[in-house]
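Inside the fold
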Amino acid sequence: MTDRPASLTPAPGGYADWLAELKARIHGAQQRAALAVNRELVLLYWQIGSDILERQQREGWGAKVIERLAHDLRTAFPDMKGFSRANLLYMRAFAQAWPDSAIVQQAVGHLPWGHNLVLLSKLKNPEQRLAYAERAITHGWSRNVLEMHIETRLLEREGKAVTNFDLRLPASGTDLARQSLKDPYLFDFLRIGEEAGEREIEAALVQHITQFLLELGAGFAFVGRQVLLDVGGDEFFIDLLFYHLKLRCYVVIELKGGKFKPEHLGQLGFYLTAVDRQIKSEHDNPTIGLLLCKSKNKVVAEYALGDKAQPMGVAEYKLLQSLPAELQTSLPSIEQIEAELAERDRP
């Protein structure tokens, strides 16, 4: 008589919790191992690129040595990918972009090689590259998401909304609240024209809620659209209601189809008061308002916000966004890299 398979044996008490804990440990170990392998690979690529740079400068070797090196490395390591002529050129450009090995070990080395190629090809400024790298690490952006955020200039738009947060929020939360809003917001993913009305835009944003949340940024959770507020028997409807997990507060977003007018803030303030009294719990921070309009006069917005008792911001939204000419939509060709490196190498 054979023993019963383990899968049919009744599990003892506490086994399920123990198994879940073991699975979590194993997954964690796998992730740490993968990260360690990635860091070593990126550091290896940087070292190879640095060697190529150094030897070309010291020995006067031309570009053809890279083609020879690619052949010899592929022959020596047939099972290892990454030693193509194209990738060796990327390694050289990578080392030239980051001459300090400490940055590679502490920052960009935590990103996959593909992410680093995006940073290398899309951004010329080292400070911008590092800022996007750090944000990608913090939020776990995929390569596509990183590329999208660079192309839409996410970091350059953050904290640009006109707000009264300095006056209406505690000092400890002002910076985070300000950075949580941007200007302008890009709604080109809606694929609707400039003639679209407020309700059409609102409906399209909810239909594309995943992309909308991605554009809003980390921390926003969708609560509802046209949220009903019963005030003294009269019904009012909030365009869009969110909750910000880091700020620990509700965020009311109102859409306006035209240019900003000071009276818009009166309606928004009314909604903030209603949310604070009817929806907010004692553990939540005061509700924040964001008015999105097609255009605004910044000075008028600053004046209008100055005497408002509640925390609010005003920002524009763009339905159609053409990418800046200097931002490319794909990695540069080998010819482009060679030309750029040749230009950099000139005395």
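The rules we used
Residues numbered from 1 in each chain as written. Predicted model: local features only at pLDDT ≥ 70, side-chain atom pairs only at ≥ 80, totals over all residues. Heavy atoms only, no water. Axes fitted to C-alpha atoms, helices over the stretch in contact; angles between N-to-C directions. Helix = DSSP H or I, 4+ residues; strand = E, 2+ residues; numbered from the N terminus. Left-handed = near helix turned anticlockwise from the far one by under 90°. Contact = heavy atoms within 4.5 Å. Nonpolar A, V, L, I, M, F, W, Y, C, P; charged D, E, K, R; others polar. Phe/Tyr/Trp six-rings, centres within 6.5 Å; stacked < 30°, edge-to-face > 60°. Buried < 20%, exposed > 50% of the residue type's maximum accessible area, 1.4 Å probe, protein only. Core = buried A, V, L, I, M, F, W, Y, C linked by side-chain atoms within 4.5 Å.

Let's talk about the packing of helix α3 (residues 85–97) against helix α5 (residues 113–122)
- Running from N to C, α3 and α5 cross one another at 65°; their axes reach a closest spacing of 11 Å. Relative to α5, α3 is oriented so that their crossing is left-handed. Seen from α3, the contacting residues are Asn-87, Tyr-90, Met-91, Ala-93, Phe-94 and Ala-97; seen from α5, they are Trp-113, Asn-116, Leu-117 and Leu-120.

Describing the packing of helix α2 (residues 64–76) against α3
- Two numbers describe how α2 lies on α3: the axes approach to 9 Å, and their chain directions differ by 115°. As α2 runs across α3, the sense of the crossing is right-handed. Between α2, through Ile-66, Glu-67, Leu-69, Ala-70, Leu-73 and Arg-74, and α3, the contact on the second element is made entirely by Arg-85, Leu-88, Leu-89 and Arg-92.
- Counted by class, the contact of α2 with α3 contains six nonpolar, no polar and four charged residues.

A few points about the packing of aromatic side chains
- For the structure on display, the rule yields 14 aromatic pairs.
- Pairing Phe-187 with Phe-189 gives two aromatic rings, centres 6.1 Å apart and planes at 70°, and the pair type is edge-to-face.
- Phe-189 sits in the buried class, given a relative accessible area of 12%.
- A network of ring pairs unites the aromatic residues Tyr-185, Phe-187, Phe-189, Phe-212, Phe-220, Phe-222, Phe-242 and Tyr-317 as a single cluster.

Remarks on the nonpolar core
- Residues Leu-88, Phe-94, Val-104, Leu-119, Tyr-132 and Leu-146 are the most contacted members of the largest nonpolar core, which totals 38 residues.
- For Val-104, the residues in contact, after removing those within four places along its chain, are Val-42, Leu-43, Trp-46, Phe-94, Trp-98 and Gly-109.
- Within the second largest apolar cluster, 30 residues are counted, among which are Phe-165, Leu-190, Ile-192 and Cys-249.

Everything listed here is a matter of geometry and, on its own, says nothing about what the molecule does.
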